[in-house]
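Spelled out, the chains give:
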Amino acid sequence: MKKISTLLVAGSLAAFSAPAMAQDSGSNFDGFRLQGVAGYDALKAGSSVDDDANADNDQSIDGVVYGVQAGYDFDLGGAVVGLEAELTDSSAKTEFNNGDFEGFGFGEVDAGRDLFLGARVGAKMGPDLLVYAKGGYTNAKLNILANDGTTEYDEDFDLDGWRAGAGLEYAINPRTFMNVEYRYSNYSEGEVDFDGDLADSERFDVDLDRHQIMAGLGVRF
């Protein structure tokens, strides 16, 4: 699954960039875009997890998420539609707080790379302001750590899910823009990926929620 996801993102980026150089519509929200993104990242056990025995355990990890995003938008007049792909990483990891293990059913892990492939649709509130909603497929990794909380094993959890979000984009000028957005992801299926010759595990059900508040700065071509 991780190989398929990587190929999907790579293929999408190539498809986005192919017609970009010929694009010159004069719109602030049209054509190929590339940006850096960063923000707050929180992963929590979903509603199907029952942890009554540990009432003080919030079963969550949080940290800083950062990465790159590429997309291609089509300005239809009052509305804008587009495709986008994103690759991020995160500093979120499990830890012990005053003897309380803040995990969510995966043991000692840290958040690895996250791939997203989806679409967005927006309404122009003016020539330089766009309000948009987005959604699509996300594939994330949780790297399995040793008991010291730092050493990574060769195995990792490979999780599949969906993402939805909304945001505001402001065109600083026709070539430069910034945006802020909130997005929610839910991962419902996973497998353990083994490095080397071992086959990956069977697929299993999970319930993991992800909340992110992001800011981005980018350019259009």
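Residues numbered from 1 in each chain as written. Predicted model: local features only at pLDDT ≥ 70, side-chain atom pairs only at ≥ 80, totals over all residues. Heavy atoms only, no water.

## Structural notes on the pairing of strand β9 (residues 176-193)
Filter applied, for reference: Here the rule is simple: two strands pair whenever DSSP picks up at least two bridges between them. Each helix is a run of DSSP H or I of at least 4 residues and each strand a run of E of at least 2, with the numbering of both proceeding from the N terminus.
As paired strands, strand β8 (residues 152-171) and β9 are joined by 16 bridges and run antiparallel to one another. For D156, the partnering residue across the bridge sits in β9 and is D193. As paired strands, β9 and strand β10 (residues 204-220) are joined by 14 bridges and run antiparallel to one another. Within the sheet, the bridge partner assigned to M178 lies in β10 and is L217.

## Some points on the nonpolar core
Test applied: Throughout, nonpolar core names a set of buried Ala, Val, Leu, Ile, Met, Phe, Trp, Tyr and Cys residues whose side chains join them through atoms within 4.5 Å. The cut-offs for exposure are 20% and 50% of the maximum accessible area for each residue type, with area from a 1.4 Å probe on protein chains only; residues under the lower value are buried, those over the upper are exposed, and the others partly exposed. Between two residues, a contact is recorded if the distance between any of their heavy atoms is within 4.5 Å.
Of all hydrophobic cores here, the largest spans 17 residues; its most connected members are L43, F104, F106, L142, F157, L159 and L208. Those elements that provide at least two residues to this core are β1 (31-45), β6 (109-126), β7 (129-145), β8, β9 and β10. Residue contributions to this core peak at three residues, all from β7. Setting aside anything within four residues of it in sequence, one finds F106 in contact with L142, F157, L159, V206 and L208. One finds F29, L130, Y132 and A171 within the second-largest nonpolar core, a separate group that totals five residues.

## Remarks on the sheet that holds strand β3 (residues 79-90)
As a reminder of what qualifies: Orientation is described by axes fitted as lines to C-alpha atoms, over the contacting stretch for helices, and by angles from 0 to 180 degrees between their N-to-C directions.
If you walk around this closed barrel you meet the eight strands as β1-β2-β3-β6-β7-β8-β9-β10, and the pairing is antiparallel. For this sheet the average axis-to-axis angle between neighbouring strands, irrespective of direction, equals 25°.

## Let's talk about the side chain of D110
The following threshold applies: Two residue types count as positive, namely Lys and Arg, and two as negative, namely Asp and Glu; His and chain ends fall outside the count. Each reported salt bridge corresponds to a side-chain nitrogen of Lys or Arg within 4 Å of a carboxyl oxygen of Asp or Glu.
By the element assignment, D110 lies in strand β6. For the buried D110, which has no salt bridge, the nearest side chain bearing the opposite charge is K93, at an N-O separation of 5.8 Å.

## Section: the confidence of the model for the chain
Condition: Note on scores: pLDDT gives the predictor's confidence for each residue, bounded by 0 and 100.
Chain-level pLDDT for the chain is 84 on average; 77% of the residues reach the 70-or-more range. Here helix α1 (residues 2-17) is the element of the chain with the lowest mean pLDDT, 45, and β3 is the one with the highest, 97. Ignoring residues within four places in sequence, the model shows residues 2-24, a span with pLDDT below 50, making 32 contacts including any to other chains.

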